[in-house]
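Structural description and commentary
Listed below, chain by chain, are the residues.
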Amino acid sequence: MPTLTESVFLPNLPVLETNPSFHVFDQSTRKGHLANGSNNIILNPTFEDELSNWSGKGCNILLHESMEDGKILPLYGKFFASATNRTRSWNGIEQEITGRVQTKLAYEVTAIVRIYGGNVADANIQATLWVQSQDINEQYIKIAISQATDKGWVQLQGKFLLNGSPLKVIIFLEGPPPGTDILINRLVVKHAEKAPRPLRPSMKNEAFGVNIIENSNLDDGINGWFPLGNCSLNMEFGSPIELPPMARNSLGMQERLSGRYILVTNRADTWMGPAQMISGKLKLYLTYQVSAWVKIGPGSTSPQIVNVALSIDGNWVNGGQVEFNNGSWHEVGGSFRIDKQPSNVMVYIQGPAAGVDLMVAGLYIFPVDRRARFKLLKKQTDKIRKRDLILKFSSSKANNVSGAFVKVEQIQNFFPFGSCITRSSIDNEDLVRFLVKNFNWVVFGNELKWSWTEPQQGNFNYKDADELLNFCKNNNLEVRGHCIFWEVEYAIQPWVQGLNKSDLTTAVQNRLTDLVTRYKGKFRHYDVDNEMLHGSFYKDRLGKDIQATMFRTSHQLDPSATLFVNDYHIEDGSDVRSSPEDYIRQILDLQRQGAPVGGIGLQGHIDSPVGPIVSSALDKLGTLGLPIWFTELDVSSANEFIRADDLEVMLREAFAHPAVEGIILWGFWELYMSRENAHLVNAEGKINAAGKRYLALKKEWLSRARGYIDVQGEFRFRGFYGTYNIEINSPTTKINRTFVVDKGESPLAINIDL
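Residues numbered from 1 in each chain as written. Predicted model: local features only at pLDDT ≥ 70, side-chain atom pairs only at ≥ 80, totals over all residues. Heavy atoms only, no water.

**Considerations on the pairing of strand S19 (residues 330-336)**
As a reminder of what qualifies: Buried means the residue's accessible area, taken with a 1.4 Å probe over protein chains only, is under 20% of the maximum for its type, while exposed means over 50%, and partly exposed covers the values in between. Going along the chain from the N terminus, every DSSP run of H or I of four or more residues is numbered as a helix, and every run of E of two or more is numbered as a strand. Strands qualify as paired when DSSP identifies two bridges or more between them.
S19 sits mainly inside the fold: 7 of its 7 residues count as buried. Burial along S19 is two-sided: the face carrying His-330, Val-332, Gly-334 and Phe-336 and the face carrying Glu-331, Gly-333 and Ser-335 are both buried. Relative to S19, strand S16 (residues 288-296) runs antiparallel, the two sharing 7 bridges. Bridge assignment links Ser-291 to a residue of S19, and that residue is Gly-333.

**Digging into empty space enclosed by the protein**
Let me state the cut-off plainly: Lining residues are those with an atom within 4 Å of a point, where the points come from a 1 Å grid over the protein atoms alone and group into cavities, where a 1.4 Å probe fits but cannot get out, or pockets, open sets with protein on both sides within 12 Å along at least five of seven lines. Grid points are joined across faces, edges and corners, and a volume is the space filled by probe spheres set on the points.
Counted by the stated rule, this structure contains 4 cavities of 30 Å³ or more. Reported here for the largest cavity is a volume of approximately 70 Å³. If you list the elements that add at least two residues to the lining of the largest cavity, you get helix H4 (450-453) and strand S26 (478-486). Among the elements that make up the lining of the largest cavity, the one with the highest residue count is S26 (4 residues). By volume, the second largest cavity amounts to about 60 Å³.

**Quick look at the environment of Glu-174**
Condition: Residues are treated as being in contact if the distance between any of their heavy atoms lies within 4.5 Å. The term polar contact refers here to a pair of N or O atoms within 3.5 Å; inside protein, the definition further demands a hydrogen-donor-capable atom paired with an acceptor-capable atom, and it admits residues adjacent in sequence only when both atoms are side-chain atoms.
With respect to the helices and strands, Glu-174 occurs in strand S10 (residues 168-174). With a relative accessible area of 14%, Glu-174 lands in the buried category. Distance from Glu-174 to Glu-489, taken between C-alpha atoms, is 23 Å for residues 315 residues apart in sequence. Sequence-distant contacts of Glu-174, that is, excluding residues within four places in its chain, are made with Ser-89, Trp-90, Asn-91, Asn-124, Ile-125, Gln-126, Thr-128 and Ile-182. Among the polar contacts listed, one links the side chain of Glu-174 to the side chain of Thr-128, at a separation of 2.5 Å.

**Topic: the sheet that holds S10**
In plain terms, the rule: Convention adopted: a line fitted to C-alpha atoms gives each axis, helices being fitted over their contacting stretch, and angles between N-to-C directions are expressed from 0 to 180 degrees.
Strand order across the open sheet formed by 5 strands is S2-S5-S10-S7-S8, with antiparallel pairing between neighbours. For this open sheet the edge positions go to strand S2 (55-57) and strand S8 (138-149), each flanked by a neighbour on one side alone. Adjacent strand axes in the sheet meet at a mean angle of 25° when their direction is disregarded. Sheet analysis places strand S5 (residues 92-96) next to S10, joined by 3 bridges and oriented antiparallel. For Glu-94, the partnering residue across the bridge sits in S10 and is Phe-172.

**A look at helix H11 (residues 611-622)**
The condition that has to hold: Expected helix span is taken as 1.5 Å per residue step, with the number of steps being one fewer than the number of residues.
Taking 1.5 Å per residue as the helical rise, H11 with its 12 residues ought to reach 16 Å, and the 16 Å between its terminal C-alpha atoms agrees with that figure. The buried fraction of H11 is high, at 9 of 12 residues. Buried within H11 we find Gly-611, Pro-612, Ile-613, Val-614, Ser-615, Ser-616, Ala-617, Leu-618 and Leu-621.

**Side note on the layout of surface pockets**
The cut-off we apply is this: Nonpolar residues are Ala, Val, Leu, Ile, Met, Phe, Trp, Tyr, Cys and Pro. Charged residues are Asp, Glu, Lys and Arg, and all others, Gly as well, are polar.
Its volume calculated, the second largest pocket comes out at about 440 Å³. Listing elements by their share of the lining of the second largest pocket, those giving two or more residues are strand S18 (315-324), S19, helix H10 (580-592) and H11. Split into classes, the residues belonging to the lining of the second largest pocket amount to 8 nonpolar, 9 polar and 9 charged.

**Details of helix H2 (residues 370-385)**
Defined as follows: When we speak of the arc, we mean the arc of directions from the helix axis to the C-beta atoms.
Spanning 16 residues, H2 covers 21 Å between terminal C-alpha atoms, matching the ideal 22 Å at 1.5 Å per step. Here H2 has its buried residues at Arg-370, Arg-373, Phe-374, Leu-377, Thr-381 and Arg-385. Relative to the axis of H2, the buried residues are bounded by an arc of 100° and lie together on one face. Exposed and oriented more than 90 degrees from the buried face of H2 are Lys-375, Lys-379 and Lys-383. The secondary structure elements touched by the buried residues of H2 are strand S22 (386-394), H11, helix H12 (640-655), strand S32 (660-665) and strand S34 (714-720). Sitting at the head of H2, Asp-369 places a side-chain oxygen 3.3 Å from the backbone nitrogen of Arg-371.

**Describing the confidence of the model for the protein**
Stated precisely, the cut-off is as follows: Values of pLDDT, the confidence the predictor places in each residue, fall between 0 and 100.
Of the residues in the protein, 94% have a pLDDT of 70 or more, and the chain-wide mean is 92. Here residues 1-37 is a poorly scored stretch, pLDDT under 50, and it has 98 contacts once near neighbours within four places are set aside; other chains count.

**Thoughts on the UniProt feature "active site" (unreviewed entry) in the protein**
Under the convention used in this document: UniProt positions are given in the numbering used here, feature names are shortened, and annotations may be inferred rather than shown by experiment.
The sites that UniProt annotates as "active site" (unreviewed entry) are Glu-632. Position of Glu-632 among the secondary structure elements: in strand S31 (residues 628-635). Contact partners of Glu-632, with chain neighbours within four places excluded, come to His-482, Asn-566, Leu-602, Gln-603, Gly-604, His-605, Ile-664, Leu-665 and Trp-666.

**Concerning the pairing of strand S23 (residues 405-413)**
Where S23 lies against strand S33 (residues 704-708), 5 bridges are found, and the strand directions are antiparallel. Note that in S33 the partner of Glu-409 across the bridge is Arg-704. Alignment of S23 against strand S35 (residues 722-729), held across 8 bridges, turns out to be antiparallel. Across the sheet, Asn-413 pairs through a bridge with Gly-722, a residue of S35.

Here you go:
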C-alpha cells in the first residue's frame, strides 16, 4: 500500500509521531545489563560472551566497550558489536537460529542499533530473515526497518512467522550504504506476547445524526465561530439551501439550510479560516461524518484545496478535502474517529492560497447510524443480487409430487470474494485452508510486479508467480494480475529509473511482451498501470500517450484479459488527487486515446468508512458503465470490534451496489498483510471479530428455503446467484439434486425431473 502524503496546511501544530518503532535513546539513560529472559532464542544477545554465536555477513564484526573516546557506550550491558568493512548494503551481523525458532508461532524482534561512519548522519537499518527450505530454495523475509542515526541508539521492532520445516534460518541486520558501520547493542527474538483482547465499545443511546457544530446555520450571526489567524469573518447570504448530497444521504429529510455563509477575507496564510472549539462533544469509537458547502473567491489561477481539519490535542486530523478552480459551491465531505479521549478539539476550514477569500456554509459533523444504513443496504442487496426462482418438479412415476417437503441450500455464491496472497503465505497450511474455503479469487501481493520479476535488467524471476498460478489452478481460484506497470516512482526499480528515453521505451515494450505473452489466458484481469492518479513516472518520460499504449498493447497480446485502472482513496474524500471526478476524467481520456479500459479498480485502503460517502463515489463511477472492483480492500483498527464494523460497512456497500462486480481483500492473515491491525485471523490461526464478521456476511449471502411442493408441482423462492443443493422428501422417496442460478432479472424456471 502506498504512503499518502496529504496536500494539507497546518497552522504550526505539533507533528504526530508516525513511527512508534523508532525511538532515540539519550546516552545519559545508559543502564546496566538486563536479563533477557529464557524465551529469547538469540544466544549471547548482549555480547557478554564476546562475539560467540555471531558472524559477519560479507563483512567483519568487532566487539566494543566504547568508541569515540567514550562518546559511544552500550545502552545495555558492557559491550556492543559493529559490522564493519561493509562493501554492500546487505552486509551486516548475523546469527543462525535454526532449531530454536518454531514454525507457525509469531515472534517479536527487538534490536538496539545505531550507525557509525560513512559520512552519513542517518540510514535505514533492516532486520531480515534468511530461510532455506528443504528443497534448498532461499527466501528473504523483511522483519522490520527503521531509520538509525549516528547520534544515539534507536530501537528496531518487528514481527515474523515461519512456515513449513526450514532447513536453515538466519537473522541478520542490513541496510546502510557501504562504508557505514552497523552497531548493535542487543537483539531479542521471542514469542510475541498476545495483546489483551479489546473490549467491545458500548454505543447505546447515541445521538446519531445530531450535528455537534454550534450555530452551523448562522441563525445567530457568527457567534460560536472565531477566525483562526489574522483573518476576518463576516456573514453573507447566497449559499445553497439544500444539504450537500452525501450528508443528505446519511440524514434523510432535513430542514433546509438558511442560505447564510461565513465569508473569510484578509487571509494571509493557507491555514487561516473559520474555527470552532468542539471539546467535550466527541465520543470514543463513533464514526463521525463531515460535510459542508465551500467556495472560493476570485484571484486564484490554479486549483485550490479546501480542507475541513480538526486539531485534536494539537494533532491534525483530516475531515475531508476537495480541490477546484471555479466560483461555484462545492461539497467537501469526509469522516474521522477518535479512540482516546482528547482534552482540546478544534475544527477549522483551511486550504486556499493566501489572499484568496473562502466561503463556508452548513458545516455538519455528526455520528453516523450504521445499523439504519444496513437495513437499507439489505433491501438493495436483495434487489440486485437475487432472482425469483420457480422450481418445477416432474416425475415419470405415477405418484403425485405435490406435498413433498423441499429443503434448498445454497452451497456457493457466484460473487467474487478474493484475497491477496504471497508465495510465502501459501506455505502456511492453516492459511491455505482458510483461503480455499472462504475465497474464490486471489491477487498476488508482489510476485507479478516488474520490480519482482526483473529486479535487475535481464535477471528474470517468474518462478514465484508460476508457483502461485499453479497453486491457484489446483485450488480452482481465479486470479487478477497485479500489476504490469506502476506509475509511482518509489515503486520502480533503480535500473528502470536510470534508463534514457529510448532504452526505457524498449524496456516497457519488452516488459509487456514478456509478461503478457508468457501468461496469456491465465489472468482474468490486469491492473495495467497502477496508481496513475498518484504517479507519472512513465508519462513524464515517455509522453502522455504511453499509458494508452500500455492498454492497447496489453489487449493485443491477451484479448481475453479485462484491463483495469487501479488507484486509492477514490471512495473516502480524503485525497484531492483521487476524487471520483478526477478518476472519471482520467478514464475518459484513456478511452479517447483508444485504450480498452474494461474495469475500474478501487483499492479500498480505508479508515472510518461512511456508507453514503462510499456509495456516492460508486454512483459517480457507475455512470461510465464499467464493472467496478474493490481490488485491495482492508480496514485498520487496533480494536478488532471496530475493525469488524468498518469491514461490514465496506462489504455491505460494495455488495449492495449494482456496479460492483467483485471484492478482493488485501490479505486476511496477520503478518501477511501490509497494514497493521487489519487482519481477520491472527498469526497463529485464531479468527478475530473481523474475521467472524466476514464469515457471518458470507453465510448471510447464501440463500436457504424450506417448504412444500404445491398442487401445480412447483416451489417458489428468491435466492442469490450461485449453486444450490435441493433435497426432496416424500413418504415414498428422498431425492437430492443440484442446480445453478445465473444472473438475470426475470424469474427463472428450473425443471427438476424426479
